[in-house]
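# Understanding the architecture of this molecule
Take a look at the letters that make up each chain.
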Amino acid sequence: MVLPIATNEVSLTVGGSAMAVSIAAPSGTEPHPAVLVCHHREGVDDFTRYVLVRLAEIGLVAAAPNFYHRRPAGEDPVASMKYLDDGALIADLAAVLAKLRATPSVRP
């Protein structure tokens, strides 16, 4: 069964930097399981958003953070990748998980 979905983008502050998070969720108030989607080299692009929508259509709240938020806007993704740091990635993931846990439409 394909569910109607809602998509949006939120901003979370992580390490003093605003991180965009794309979210797709089934419409309605019923709590759903959640999944965190990590983007590929190109960042959060049309393909990543497509994956979020497909996951939402089957009943999951899906969120994809932009791991390149600490880099200059418009920088080549290959260059941005060189500066990814394990500690920063863990902080990004923790921030998104906290946001999902605090969302009423997400099943705890």
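Everything that follows concerns the structure shown earlier in this document.
The shown structure was predicted, so the numbers you read here are calculated from the model rather than taken from an experiment.

All chains considered together, the criterion is met by zero aromatic pairs. Taking the ring centre of Tyr83 as reference, the NZ or CZ of Arg71 above it sits at 3.8 Å.

A few words on the nonpolar core. Formed by 13 residues in total, the largest nonpolar core has its most connected members in Met19, Val21 and Val96. If you list the elements that add at least two residues to this core, you get strand 1 (5-14), strand 2 (17-26), strand 4 (61-65) and helix 3 (86-101). Per-element tally for this core: the top contributor is strand 2, with four residues.

This brings us to helix 1 (residues 46-57). Compared with an ideal rise of 1.5 Å per residue, which puts 12 residues at 16 Å, helix 1 spans 16 Å between its outermost C-alpha atoms and is within 8% of the ideal. In the core, the buried residues of helix 1 are packed alongside strand 1, strand 2 and strand 4. In this structure Asp45 caps helix 1, since a side-chain oxygen of it lies 3.2 Å from the backbone nitrogen of Phe47. A positive backbone phi angle near 105° is found at Gly59, which sits one or two residues after helix 1.

Rules used in this analysis
- Residues numbered from 1 in each chain as written.
- Predicted model: local features only at pLDDT ≥ 70, side-chain atom pairs only at ≥ 80, totals over all residues.
- Heavy atoms only, no water.
- Phe/Tyr/Trp six-rings, centres within 6.5 Å; stacked < 30°, edge-to-face > 60°.
- Lys NZ or Arg CZ within 6 Å of the ring centre and 35° of its normal.
- Core = buried A, V, L, I, M, F, W, Y, C linked by side-chain atoms within 4.5 Å.
- Buried < 20%, exposed > 50% of the residue type's maximum accessible area, 1.4 Å probe, protein only.
- Helix = DSSP H or I, 4+ residues; strand = E, 2+ residues; numbered from the N terminus.
- Expected span 1.5 Å × (residues − 1).
- Contact = heavy atoms within 4.5 Å.
- Polar contact = N/O pair within 3.5 Å; in protein donor to acceptor, adjacent residues only side chain to side chain.

Fair warning: the whole summary comes from geometry, so function is off the table for now.
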